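# Observations on the three-dimensional arrangement
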Amino acid sequence: MGESITDPRGTWGSKLAFIFAASGSAIGLGSMWRFPLMVGKNGGAVFVFTYIISVFFIGFTIMLAELTLGRRTQKNPVGVFQTIKPGSSWKYAGYVALVTCVCILSYYGVIAGWAFGYFYKTIGGMFRGNITWDISDTIFKNFASNPLEIVFCIFIIMAITTFVISKGVQGGIERWSKILMPVLFALILFLAIRAITLGGAQTGISYYLLPDLSKMDPNVFFFGVGQAFYSLSLGMGIMMTYGSYIGKRDNLVTSAGWVCFSTTLVAFLTGIIIFPALFATPGINPGEFEVSTGLMFQVFPIVISKIPGGYLFGILFFFLLLVAALTSTISLLEVPVAYFIDEKRWPRKKAALLVGIVTFALAIPSGLSVGGVKFLTNWKFLISMDLVFGNIMLAVGGLIVCVFLVYLWRTQNALQEISLGSRGFKLKSLWVFNIKFLAPVVIIIILFFKIFNAIS
Ligand code: PFF
């Protein structure tokens, strides 16, 4: 079904289209920029395993819950809560999701802006020749602290995102995800193979894959679960909104499974590119390197400079990184826009423009905080936004989904909705156990830990 003026919401053209679009939302800077950063900051391989386990037990559980709530109600997050519990205060949980989306998009747009900047710098030949760590580090720092260039890059990102969203579900989101996601996959696989065959890659692979249990601490757990939420676009209504465009006969279980699998694979392979390349770079000491927000942007140019035909690969890589980022920024913007369309009856274009402008304005302090403006740098604005919205608020959102589904909507209703497109749901009992007990208990523990840590 296409979109018409009387149906501004739209639907996916097919189940596969949904999987591409949802993977497009999930696969993005979370897997390619944030995951290696988190691995570097949280003990290497122990984090990798904590993340994978979190995706399987908690991420998949909540993804299926969100898709089910979305498809049943065919609404944005506010509409989901309002439809199932009309007239209750639960709708405020939906508003929290909208605010979280806008706040995440505001700093996410900055990193996407970096990807855009690196794209045109690669075209301009900046990463030709022998790129050492020092050169790469200097290029990144000069770029990230140049206020005019950064604001320009954020503007381009927000303008493209707003444009695609104003075009709607099939014409915008679906069309591009279907073409570009498979190419991204192939390229990452190729670069991963190249990275493991670099001389000296062994240390990086051990760091990445051999867990050192002495590094395991509550923070690894907190950020591991947080990264699962982040990379799978959970806890903020994206998957509810995307679920609302899924046909009744599509299989929600396998769709959720594919999205979880493809996202984890991309994150895993990105780590396989970054760490061997990092440790194979002369001058880097595994125990000592300082993990900065720009880790991925500092290491990729080094990999690219070591590949025959690296110039073209570099252009292709940063182009696809940009696309991966855009399919995610699009999903972040779609949530508040769907709210204005559903609840306020606004035309899609007007909603997209308004939210796009507000988010752009909010993105500026984050953009200037990586060296551009001293007072924001000291305040570490971007990092704080990531901690509060990218970790804490997503976990809170996930907890709300569990409680709402289990105690207000009831698990049997969810199972009935799931069964419409998937007869034999093999992991049914495990999913019920996870949504009722495991996921909420784990989330409550990590949130308590974080709050306790922050105040003590
Ligand atoms: N999942 C996407 C990514 O990891 O890049 C987009 C995203 C969604 C980021 C939700 C952050 C987030 F909270």
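Worth saying up front: this structure is predicted, and the values here are computed from it rather than measured. (Residues numbered from 1 in each chain as written. Predicted model: local features only at pLDDT ≥ 70, side-chain atom pairs only at ≥ 80, totals over all residues. Heavy atoms only, no water.)

Another point: helix H1 (residues 15-26). An ideal rise of 1.5 Å per residue puts 16 Å on twelve residues; H1 measures up with 16 Å between its terminal C-alpha atoms. Along H1, nine of the twelve residues are buried, which leaves the element largely enclosed by surrounding structure. (Helix = DSSP H or I, 4+ residues; strand = E, 2+ residues; numbered from the N terminus. Expected span 1.5 Å × (residues − 1). Buried < 20%, exposed > 50% of the residue type's maximum accessible area, 1.4 Å probe, protein only.)

Looking at the ligand, there are 14 residues lining it, with Gly 30, Ile 104, Tyr 108, Tyr 230 and Ser 233 nearest. One of the backbone N or O atoms of Ala 26 is found 3.0 Å from a nitrogen atom in the ligand. Note that a nitrogen atom of the ligand is positioned 2.9 Å from one of the backbone N or O atoms of Tyr 230. For the ligand, whose unbound accessible area comes to 320 Å², protein coverage reaches 100%. Mapped onto the shell around the ligand, the elements with two or more residues apiece are H1, helix H2 (29-41), helix H5 (91-123) and helix H10 (218-231). Residue composition of the shell around the ligand, grouped by class: eight nonpolar, six polar and no charged. (Near = heavy atom within 4 Å. Polar contact = N/O pair within 3.5 Å; in protein donor to acceptor, adjacent residues only side chain to side chain. Areas by Shrake-Rupley, 256 points an atom, 1.4 Å probe, with all protein chains shown as cover. Nonpolar A, V, L, I, M, F, W, Y, C, P; charged D, E, K, R; others polar.)

The subject of this paragraph is the packing of aromatic side chains. Any pair of aromatic rings gets described here by the distance separating the centres and the angle formed by the planes. The final tally for this structure, using the stated rule, is 35 aromatic pairs. Here Phe 140 and Phe 297 contribute two aromatic rings whose centre-to-centre distance is 6.2 Å and whose plane-to-plane angle is 20°, an arrangement assigned as stacked. Of this pair, Phe 140 sits in helix H6 (residues 133-144) while Phe 297 sits in helix H13 (residues 295-305), and the two are 157 residues apart along the sequence. For the pair formed by Phe 140 and Phe 297, the shared burial category is buried. Taking the ring centre of Tyr 230 as reference, the NZ or CZ of Arg 34 above it sits at 4.1 Å. The positively charged end of Arg 128 is found above the aromatic ring belonging to Tyr 311, 3.9 Å away from the centroid. (Phe/Tyr/Trp six-rings, centres within 6.5 Å; stacked < 30°, edge-to-face > 60°. Lys NZ or Arg CZ within 6 Å of the ring centre and 35° of its normal.)

One recurring pattern in soluble globular proteins is that nonpolar side chains are buried together. Among the nonpolar cores identified, the biggest contains 161 residues, and Trp 33, Trp 114, Met 296, Phe 297, Phe 318 and Trp 431 are the most heavily contacted of them. A per-element tally of this core places helix H14 (residues 310-344) first, with 18 residues. The residues touching Met 296, leaving out its near neighbours within four places in the chain, are Met 32, Trp 33, Ile 274, Pro 301, Phe 317, Phe 318 and Leu 321. (Core = buried A, V, L, I, M, F, W, Y, C linked by side-chain atoms within 4.5 Å. Contact = heavy atoms within 4.5 Å.)

When you line up the elements, Ser 25 lands in helix H1. Residue Ser 25 is classed as buried on the basis of its relative accessible area of 2%. There is a polar contact of 2.9 Å between the side chain of Ser 25 and the side chain of Ser 331. Ignoring anything within four residues of it in the chain, the contact list for Ser 25 reads Ser 233, Ile 238, Met 239, Tyr 242, Thr 327, Ser 328 and Ser 331.

What follows is about the pattern of salt bridges. Should their charged atoms come close, side chains of opposite charge can pair. Under the definition given, this model contains eight salt bridges. Among the salt bridges present, the one from Asp 386 reaches Arg 34, with a minimum N-O distance of 3.0 Å. Separated by 352 residues along the polypeptide, Asp 386 in helix H17 (residues 381-419) and Arg 34 in helix H2 bring together distant segments of the chain. By the burial criterion, Asp 386 is buried, and Arg 34 matches it. A salt bridge links Lys 121 to Glu 149; its shortest N-O distance comes to 3.0 Å. Here Lys 121 is found in helix H5, whereas its partner Glu 149 is found in helix H7 (residues 147-167), with 28 residues between them in sequence. The network of salt bridges with shared partners includes Arg 71, Arg 72, Lys 248 and Glu 417. (Salt bridge = Lys/Arg side-chain N within 4 Å of Asp/Glu carboxyl O.)

For the rest of this paragraph, the subject is unusual backbone geometry. A positive phi angle, close to 55°, is found at Gln 74, a residue other than glycine. Note that Gln 74 resides in the loop between helix H3 (45-73) and helix H4 (77-84).

Where H7 meets helix H15 (residues 348-368), the closest approach of the two axes is 9 Å, and the angle between their N-to-C directions is 160°. For the element pair H7 / H15, the angle class is roughly antiparallel. For H7 against H15, the interelement crossing comes out right-handed. Residues Pro 147, Ile 150, Val 151, Ile 154, Phe 155, Met 158, Thr 162, Ile 165, Ser 166 and Lys 167 of H7 pack against Arg 348, Lys 349, Ala 352, Leu 353, Gly 356, Thr 359, Phe 360, Ala 363, Ile 364, Gly 367 and Leu 368 of H15. Grouping the constituent residues of the contact of H7 with H15 by class yields 13 nonpolar, five polar and three charged. (Axes fitted to C-alpha atoms, helices over the stretch in contact; angles between N-to-C directions. Parallel < 35°, antiparallel > 145°, perpendicular 65-115°, else oblique. Left-handed = near helix turned anticlockwise from the far one by under 90°.)

Note that every value here comes from positions in space, so none of it alone points to a role or purpose.
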